[in-house]
Amino acid sequence: MSQKIARLPEEVVNQIAAGEVVENPASMIKEIIENSLDAGARRISVWIEGGGIQLIRIEDDGCGMNPEDAALCLERHATSKIRTEKDLQNLSTMGFRGEALAAIAAVSHLELMTSDGCKGTRIQAQGGRIAVVEPCARNQGTTIVVRSLFFNVPARLKFLKSSAASAAQIVRIVETIALAHPEVSFSLFSENKTLVEVFPNEKKKRIESLIGPMPHEIKQGSIWGLLAPAEEAKQQRRGQYLFINRRPVFSPLVSRAVKAGYGTRIAEHAYPSFVLFLSIPPGEVDVNVHPQKKEIRFADEGKIFRLFEQAASSAFETGPSFTEPLAFTRPVFALAEEAPPPPHRMHSTPLSFDFPLIEKPLAIAEGFLFLQSESLLLIDLAAAHARVLFESLSEKKGAVQALMWPLEAIVDDEGIAEELQSMGIECRWIGRRTLAVDALPAFLNGADFPDFLQAWREGKRIDLAASRYARGAKQRFNLDEAYLLWKQLQQCREKRYDPAGKLIWDRMDPSRLKRILEG
Ligand code: ADP
Ligand code: MG
């Protein structure tokens, strides 16, 4: 082959980089708003059309740019925010890479109007190439208009969400940023509809105006935040917001810790809504992570878990803040009485032999559990596992376990996230083709999840996927776990056959044993 190495043209490099920095309208809007915040804006307005795919227009009243900076800001690695490597240690701005505007410009028709209060400048660029630079009239501040997104990268265009889904994503982004910046006005309009409109306010009021009542306040050292009432917990983590130094981040660890802090006030499968801010010295978090990766890792997980659990539970001890005494109609602690009994934990509770029959797990061998009952029972663990898993997935019942860190899966089937969610598998897109899985039904093991996913994608049939997974699962049951599985099987609608029609267990009564032995 006569392949030669060649440097890619600048335009292609920018297009590739653009895909990483800004993958959809929502992530572009996030970058542009963060620039406005870095510029000290007090009022930020966003207009979108077609879910941002046709048009994004963002206006701010920040410091603006002079004509020289305006001409530079669309270039890659052009930034006013850091000068040397040392500045990276003490970042106070949201952006610093100098990549966002260049990336957005590379894949759109971009128009920039900006003024530093002295001179106004208007710039037009297509696919990153500057076509027009001219003076214009504008008050101090900046307007950025992005049209025809991905006009030159049709493959990306094809994979964008529908405009409704994209608009929903944009609402989430704008609301998230607005939560952390109560001193700034935000508005978001889509096709003449107002989707978000908030004015400068005290931080608690800002949060409640966006999310609803949050009566429990946390004030502990470096953590400040608000918790929603336990009875308003949701089925998903949508109502959970965590910020570290005002940057929105995602941490299943913190999510679990806060839930633990609610204790038995909250139902087993519910997620409490919260808005939490953690401030730590900038030097102690790694900000140099990928701009789209919001997952955050902590050096000392145990410490962070205890910190948040304790902070959350203390919010209930002190009760609602006294500045709003009428927010409550009944005392907080009444909730504890109404709460369901403590959750049944899969592996830590001692087995209670509360069956009508006296049963005793005897041994496991060759994938079978031997159980002493009124006669000897032989239980095929793979078949039992398949049945339990099948009913848990198809009826979305049974416990769901949050994963410490999300699993990532590369998939490209459209709609797969919704399909998995409908089975109780909590997941979300974190890239065009990357799915993050946050929680799995019990009896579906994280390490084997890729096998399940593959089995599912092949036939889109829960019965086949459950059977195949259970047969192949590397998870080996110990005696206690096997017995727990047997008990779980007693909760199933069908207790005798697995989803493929295979017998799950059989009785070895003395006459049958005798026949075996006598050949
Ligand atoms: P970064 O934010 O990482 O520096 P960007 O590509 O997002 O990189 O922006 C490049 C530069 O353009 C910024 O450093 C800033 O100087 C300027 N800039 C961008 N948006 C604005 C704005 N809304 N107001 C004032 N200056 C801006
Ligand atoms: Mg920026």
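Quick look at the structure, then.

So, how was this worked out
Residues numbered from 1 in each chain as written. Chains lettered and ligands numbered in written order. Predicted model: local features only at pLDDT ≥ 70, side-chain atom pairs only at ≥ 80, totals over all residues. Heavy atoms only, no water. Pairing = 2+ DSSP bridges. Helix = DSSP H or I, 4+ residues; strand = E, 2+ residues; numbered from the N terminus. Axes fitted to C-alpha atoms, helices over the stretch in contact; angles between N-to-C directions. Contact = heavy atoms within 4.5 Å. Salt bridge = Lys/Arg side-chain N within 4 Å of Asp/Glu carboxyl O. Buried < 20%, exposed > 50% of the residue type's maximum accessible area, 1.4 Å probe, protein only. Phe/Tyr/Trp six-rings, centres within 6.5 Å; stacked < 30°, edge-to-face > 60°. Patch = residues over 30% accessible without salt bridge, like charges linked within 9 Å, V, L, I, M, F, W, Y side chains within 5 Å. Areas by Shrake-Rupley, 256 points an atom, 1.4 Å probe, with all protein chains shown as cover. Core = buried A, V, L, I, M, F, W, Y, C linked by side-chain atoms within 4.5 Å.

**Re the sheet that holds strand β6 (residues 141–147)**
The mixed open sheet is built from 8 strands, whose spatial order is β5-β4-β3-β6-β2-β1-β7-β8. Strand pairing shows two members of the sheet lacking a second neighbour, β5 (129–135) and β8 (193–198), which therefore form its edges. The average undirected angle you get between the axes of adjacent strands in this sheet is 10°. Direction of pairing for strand β3 (residues 109–115) relative to strand β4 (residues 120–126): antiparallel, over a ladder of 7 bridges. Residue H109 lies in a different strand from β4, and its bridge partner there is Q126. Each of β1 (43–49), β7 (185–190) and β8 touches helix α6 (residues 163–180); the most contacted strand, β7, lies at about 175° to it. Across the sheet, helix α7 (residues 203–211) lies against β7 and β8, angled at about 160° from β8, the strand it touches most.

**Digging into the pattern of salt bridges**
Across all of its chains, the model carries 20 salt bridges by this definition. Here D380 ties to K502 by a salt bridge, and the two come within 2.6 Å at their closest N and O atoms. Placement of the pair is D380 in strand β16 (residues 376–380) and K502 in the loop between α15 (479–489) and β20 (505–508), with a sequence separation of 122 residues. Taking the relative accessible area as the measure of exposure, D380 reaches 11% and is therefore buried. Its relative accessible area of 43% is what places K502 among the partly exposed residues. Each member of the salt-bridge network shares a partner with another, and the members are E111, R122, E134 and R147.

**Side note on the packing of aromatic side chains**
Per the stated rule, a full pass over the model turns up 7 aromatic pairs. Between the aromatic rings of W224 and F277, the centroid separation amounts to 6.0 Å while the plane-to-plane angle is 35°, which identifies the pairing as tilted. Residue W224 is found in strand β10 (residues 223–227), and its partner F277 is found in strand β13 (residues 274–278); the two are separated by 53 residues along the sequence. The exposure classification of W224 matches that of F277, with both residues buried. Ring plane angle 65° and centroid distance 4.7 Å describe the contact between Y262 and F316, whose orientation is recorded as edge-to-face. Taken as a pair, Y262 in helix α8 (residues 252–262) and F316 in helix α9 (residues 301–318) lie far apart in primary sequence, 54 residues in all.

**With respect to the environment of E419**
Here E419 shows up in helix α12 (residues 416–421). In this structure the C-alpha to C-alpha distance between E419 and K460, which are 41 residues apart in sequence, comes to 9.0 Å. Excluding its chain neighbours within four sequence positions, the residues that come into contact with E419 are W456 and K460.

**Describing unusual backbone geometry**
The general pattern is negative phi for most residues beyond glycine and trans for most peptide bonds. Positioned with a positive phi, N192 is a non-glycine residue whose angle comes to about 70°. Residue placement: N192 occurs in the loop between β7 and β8. Within the chain, F443 stands out as a residue other than glycine whose phi angle is a positive 75°. Residue placement: F443 occurs in the loop between β19 (434–441) and α13 (449–459).

**Brief notes about a nonpolar patch on the surface**
Among the surface-exposed residues, L513, I516 and L517 lie close enough to one another that they form a single nonpolar patch of about 320 Å² accessible area. Among the structural elements, L513 can be located in helix α16 (residues 510–517).

**Quick word on helix α14 (residues 462–472)**
Given 3.6 residues per helical turn, the α-helix brings residues three or four places apart onto the same face. Those residues of α14 lying buried are I462, D463, A465, A466, S467, Y469 and A470. Residues of α14 that are buried in the fold lie against α11 (381–394) and α13.

**Quick look at the nonpolar core**
Counting residues in hydrophobic clusters, the biggest one holds 58 residues, and the most contacted among them are I29, I33 and F186. Looking at this core, the element that brings in the most residues is α6, giving 9 residues. Each residue touching I33, except ones within four places of it in the same chain, is listed here: I44, V46, I58, V174, I177 and F186. Of all hydrophobic cores here, the second largest spans 46 residues; its members include L371, L381, L393 and A465.

**Notes on the pairing of strand β15 (residues 368–372)**
Every second residue of β15 is oriented toward a common face, the buried set being L369 and L371 and the non-buried set F368, F370 and Q372. In this structure, strand β14 (residues 360–365) lies alongside β15, joined through 5 bridges in antiparallel fashion. By the bridge assignment, A363 is partnered in β15 with F370. From the end of β14 to the start of β15, which pair antiparallel, there are 2 residues, and E366 there has a positive phi angle of about 55°.

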